[in-house]
Structure formats: structure tokens, C-alpha cells
Amino acid sequence: MNENTETIILGLESSCDDTAAAILRARPDAAPDILASIVHGQTDLHAAFGGVVPEIAARAHAEKLDICVEEALAAADLTLADIDAIAVTAGPGLIGGVLSGVMCAKGLAAGLNIPLIGVNHLAGHALTPRLTDQVAFPYLMLLVSGGHCQFLIVRGPEDFSRLGGTIDDAPGEAFDKTARLLGLPQPGGPSVQLEATKGDPARFRFPRPLLDRPGCDMSFSGLKTALLRARDALLAEKGGLTEQDRADLCAGFQAAVVDVLSEKTRRALDIYLEENPSQPLLAVAGGVAANTAIRARLETDCAARDVTFTAPPLALCTDNAAMIAYAGLERFAKGAKDDMTLAARPRWPLDQTAPALLGSGKKGAKA
Ligand code: KG4
Ligand code: ZN
């Protein structure tokens with residue numbers, strides 16, 4: 001920590017298929033500055049396999065972490081000697097990747113003799129609205145990405161209650177699988193969204209899973225199967241798909257996801273507002289929060305009940321290390337730190353009291 005009580009923290013992220021390093025500067029009574037945020041994705045490495053291959057991911061993280069740190073230092077115009085603390089994703093995620101990050105962080109912390117802080121990746125996402133919009137506790141968070149989907153009441157840096165989540169696929173996985181089934185490029189979210197703008201959402205009526213059951217849990221794997229059946233029926237009937245067929249399938253699929261997220265968010269808000277009527281705020285994070293149709297519906301739903309809606313900029317919605325540095329900073333500010341016994345954890349639910357979600361997902365543990 002510098003004399004002027006400024007803290008410079010380095011964050012590392014390597015839990016899935018993005019290797020990232022970021023540097024934040026924190027000062028008392030001021031919003032933290034993101035001095036650098038470097039992300040190296042691995043989409044190309046996994047493209048041929050139809051999903052993230054854990055061993056390939058881990059090796060790529062081990063190779064790229066040093067480079068990310070060097071690039072972050074250069075972008076921030078700092079050297080390692082300027083770093084006061086290191087925050088690293090210690091889980092949940094693909095264990096090889098998490099281990100790569102934790103080992104790198106331990107080496108740096110030991111070499112520089114500075115504090116090491118283990119961060120829960122989901123806490124990184126969940127605390128991002130505080131980094132970007134200085135949102136006060138508590139708030140309701142909908143975390144929707146390729147690996148995660150859950151509603152959280154965020155009460156403090158380490159105080160989360162999970163109200164529900166997906167019991168199988170995350171919505172991003174469903175978008176990616178849909179794109180694959182229709183021969184559209186990866187990542188599937190943006191391509192399916194683009195096709196959907198040209199399609200008729202009413203032509204194919206896909207299921208809205210679990211809407212008939214109470215609670216905030218969700219399911220997205222049946223939707224993908226329904227889409228597969230609709231596609232195969234078209235193929236059997238006409239021998240191929242027209243541009244319009246593809247657009248209509250995407251529009252129908254996206255409309256189903258939007259309806260499910262909208263209704264489950266309404267229920268989560270009921271529970272949250274009952275407990276916190278004076279703090280009506282919904283924040284979304286994760287790559288799927290970039291979807292314009294989902295965003296628009298949630299914004300309209302929130303406006304209708306006087307709930308403030310906030311979504312971090314896309315680069316901080318998807319996996320990044322600035323969120324890890326920030327979550328580390330919140331723990332550090334409370335006096336928490338780890339040592340060389342810090343373990344990499346494949347599973348690490350934010351809310352230890354909530355029952356485990358079932359799915360483990362192609363991108364790793366859900367919680
Ligand atoms: O948060 P993220 O970068 O990584 C994970 O933690 O998974 O999210 C990536 C996911 C991918 O599945 C991608 O298809 C999805 O977010 N995504 C979208 C959109 N942009 C990215 N899904 C729907 N609509 C989008 N516009
Ligand atoms: Zn993530």
C-alpha cells in the first residue's frame with residue numbers, strides 16, 4: 001500500500017477459455033480506476049472440438065498468463081514493483097485453468113512479497129456493478145453467461161443468497177448449441193441474435209421450460225432439443241433450410257429464452273423486493289447480458305415496476321480480470337488475504353447454504 005493509501009492491485013483470471021490480467025488503482029472515497037484490462041480468448045483453439053477442451057485450455061492459460069501480465073503492466077505504464085497485492089480466480093471453473101492462474105499468482109506474490117487474495121469467479125461477476133456504477137449493497141443480480149445462470153441477492157463482498165439458477169445448460173451454451181445446429185459461427189450468441197432480427201418469432205413455438213413450476217430455477221437443455229427436432233423436420237420435409245427457416249428458428253429460440261428469463265426475473269424480484277423494498281435494483285452480468293432482446297425485455301419489465309436496471313459495459317460483462325481485481329480489492333479492504341495454501345476449486349458455490357444446482361456444463365461447474 002502506498003503512502004497516500006492508494007492500492008494498486010493486479011487481477012488474474014483463467015477459469016474458462018479467456019486468459020486475462022488487469023490492474024486497478026483504488027483510492028479512498030473514489031471509484032477505482034481500471035488502469036489496464038487484457039483478455040486473450042481461446043475460441044480458435046477450441047473451434048474444431050465443439051466446446052472448450054480442458055487440457056488445451058489449461059496449457060494455453062499457462063502459456064498466456066505471463067504475457068497478459070506483461071501487457072497489462074505496459075498498458076498501465078507500471079512495473080511489478082508498483083503492485084501492492086494480487087487477486088486471482090481460485091474457482092469455480094475448469095481445474096487446470098484455475099490451477100494455472102493460482103500458481104502464477106502464488107509465484108508473483110511470493111517473489112514480490114505482497115498479499116495474495118483468492119477470488120470466487122462468480123463474486124467477480126456479481127460485484128461488477130459496484131466497479132462500473134458504484135452500486136450500493138444490496139441488489140439483485142442475474143448472472144447469465146456461457147457457464148453460469150443464477151439469481152443472487154448481493155448483500156456484501158462475501159454475502160450472497162442464491163434464489164435459483166439453471167438445472168442444466170446455461171443460456172449461453174444454448175445459444176452456442178443453436179448456432180452449431182444451424183451452421184452459424186461461434187460464439188453463437190451474437191450470430192443467433194443477428195439471425196433472429198430477420199426472423200418471425202411466432203413461426204416456431206418452442207417450450208418455455210419450468211415456467212409451470214414455482215420458483216426461480218431454469219432449464220435450457222430441452223429448448224435445444226426442440227430446436228433440433230424442428231430443424232430435422234424441415235430437413236426431412238425439404239432436404240435443406242432456407243435463409244428464412246434459419247432466421248425463424250433463431251427468432252423462435254431467442255423469444256423462448258427471453259420469456260423464460262423475463263418470468264423468472266419477475267419472480268426473483270418479488271422475493272428480493274419483499275426483503276429490500278428500499279433498494280429496487282436489478283443488475284445483469286455475463287456474456288448473454290449483451291443480448292439486445294434480453295436486455296430490452298428486462299429493462300421494460302424493470303421500468304414497469306420502478307426498479308432500476310443496470311448492465312455493465314460488454315467488456316466487463318464477459319470474463320475479464322478487472323472484475324477479479326475488484327472483488328479482490330473488496331476482500332482486501334476488509335482485511336482478508338490468503339497464503340500459499342490457497343487451493344484451486346473446481347466447484348465453489350457463492351451461497352453455501354443453497355442446494356447444489358444439477359448441471360456441470362461443458363464450460364465447467366455451474367456453482
Ligand atoms: O461471460 P462469457 O464471456 O463467458 C462465460 O463465462 O461463459 O459469456 C460467453 C457466452 C457465450 O455462450 C456467448 O454465445 C454468449 O455469452 N453471448 C451471447 C451474446 N453475446 C455473447 N448470447 C446471446 N446474445 C448475445 N448477443
Ligand atoms: Zn464468467
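First, a word on what this report is: a plain description of the structure on this page.

So, on to the packing of helix 2 (residues 54–76) against helix 3 (residues 95–112). It is the contact of helix 2 with helix 3, at a shortest axis distance of 8 Å, that shows an interaxial angle of 35°. When the axes of helix 2 and helix 3 are compared, the crossing they make is right-handed. Listed contacts from helix 3 to Ala58, His61, Ala62, Leu65, Asp66 and Val69 of helix 2 are Gly96, Gly97, Ser100, Gly101, Cys104 and Leu108. Of the residues contributing to the contact of helix 2 with helix 3, the split by class is six nonpolar, five polar and one charged.

Tallied over the full model, the rule gives 21 salt bridges. A salt bridge links lysine 238 to aspartate 245, with the nearest nitrogen and oxygen atoms 2.8 Å apart. Measuring nitrogen to oxygen at the nearest pair gives 2.9 Å for the salt bridge that ties glutamate 263 to arginine 267. With glutamate 263 and arginine 267 both in helix 8 (residues 243–275), this residue pair falls four residues apart, about one helical turn. For the pair formed by glutamate 263 and arginine 267, the shared burial category is buried. Bridged by salt links that share partners, the residues Glu263, Arg266, Arg267, Asp270 and Arg305 form one connected network.

Bringing the packing of helix 7 (residues 221–238) against helix 8 into the picture now. With their axes 11 Å apart at the nearest point, helix 7 and helix 8 run at an angle of 160° to one another. What the angle tells us is that helix 7 and helix 8 run roughly antiparallel. In this structure, the crossing between helix 7 and helix 8 has a hand that is right-handed. Residues Leu223, Leu227, Ala230, Arg231, Leu234 and Lys238 of helix 7 form the contact with helix 8, whose participating residues are Asp245, Leu249, Phe253, Ala256 and Val257. Of the residues assigned to the contact of helix 7 with helix 8, the class counts are eight nonpolar, no polar and three charged.

Another point: helix 3. In this model, helix 3 (18 residues) spans 25 Å end to end at C-alpha, consistent with the 26 Å of a helix rising 1.5 Å per residue. Those residues of helix 3 not exposed but buried are Gly97, Val98, Ser100, Gly101, Val102, Cys104, Ala105, Lys106, Leu108 and Ala109. Structurally, helix 3 contributes buried residues whose contacts are with strand 1 (7–13), helix 2, strand 4 (85–91) and strand 5 (116–120).

So, about the coordination of the zinc ion (ligand 2). Looking at the zinc ion (ligand 2), the protein donor atoms are His121 (NE2), His125 (NE2), His148 (NE2) and Asp319 (OD), and they sit 2.1 to 2.8 Å from it. Here the donor residues of the zinc ion (ligand 2) share one chain and are spaced in sequence as H-x3-H-x22-H-x170-D. One end of the pair, histidine 121, is in helix 4 (residues 121–133); the other, aspartate 319, is in the loop between helix 10 (314–317) and helix 11 (322–333), with 198 residues separating them in the sequence. Assessed through its relative accessible area of 16%, aspartate 319 is described here as buried.

The subject of this paragraph is the pairing of strand 9 (residues 281–285). Counted residue by residue, strand 9 has five buried out of five residues, so it is predominantly covered. Side chains Leu281, Ala283 and Ala285 project from strand 9 onto one buried face, and the interleaved Leu282 and Val284 project onto a second face that is buried too. Inspection of the sheet shows strand 6 (residues 139–144) paired to strand 9 by four bridges, in the parallel sense. Bridged to leucine 143 within strand 9 is alanine 285. For strand 9 and strand 10 (residues 308–310), the ladder comprises three bridges, and the chain directions are parallel.

Bringing unusual backbone geometry into the picture now. Here the amide bond leading from glycine 91 into proline 92 is cis, since omega sits at -15°, within 30 degrees of zero. Tracing the backbone shows proline 92 in the loop between strand 4 and helix 3. Residue proline 138 follows phenylalanine 137 across a cis peptide bond; omega there is -10°. Mapping proline 138 onto the fold places it in the loop between helix 4 and strand 6. Positioned with a positive phi, asparagine 113 is a non-glycine residue whose angle comes to about 55°. For asparagine 113, the position within the fold is in the loop between helix 3 and strand 5. You can call asparagine 113 exposed: its relative accessible area is 70%. Positioned with a positive phi, aspartate 306 is a non-glycine residue whose angle comes to about 55°. For aspartate 306, the position within the fold is in the loop between helix 9 (292–304) and strand 10. Since its relative accessible area comes to 67%, aspartate 306 is described here as exposed.

So, how was this worked out
Residues numbered from 1 in each chain as written. Chains lettered and ligands numbered in written order. Predicted model: local features only at pLDDT ≥ 70, side-chain atom pairs only at ≥ 80, totals over all residues. Heavy atoms only, no water. Axes fitted to C-alpha atoms, helices over the stretch in contact; angles between N-to-C directions. Helix = DSSP H or I, 4+ residues; strand = E, 2+ residues; numbered from the N terminus. Left-handed = near helix turned anticlockwise from the far one by under 90°. Contact = heavy atoms within 4.5 Å. Nonpolar A, V, L, I, M, F, W, Y, C, P; charged D, E, K, R; others polar. Salt bridge = Lys/Arg side-chain N within 4 Å of Asp/Glu carboxyl O. Buried < 20%, exposed > 50% of the residue type's maximum accessible area, 1.4 Å probe, protein only. Parallel < 35°, antiparallel > 145°, perpendicular 65-115°, else oblique. Expected span 1.5 Å × (residues − 1). Donors = N, O, S within 2.8 Å, 3.2 Å for Na, K, Ca; no water. Pairing = 2+ DSSP bridges.

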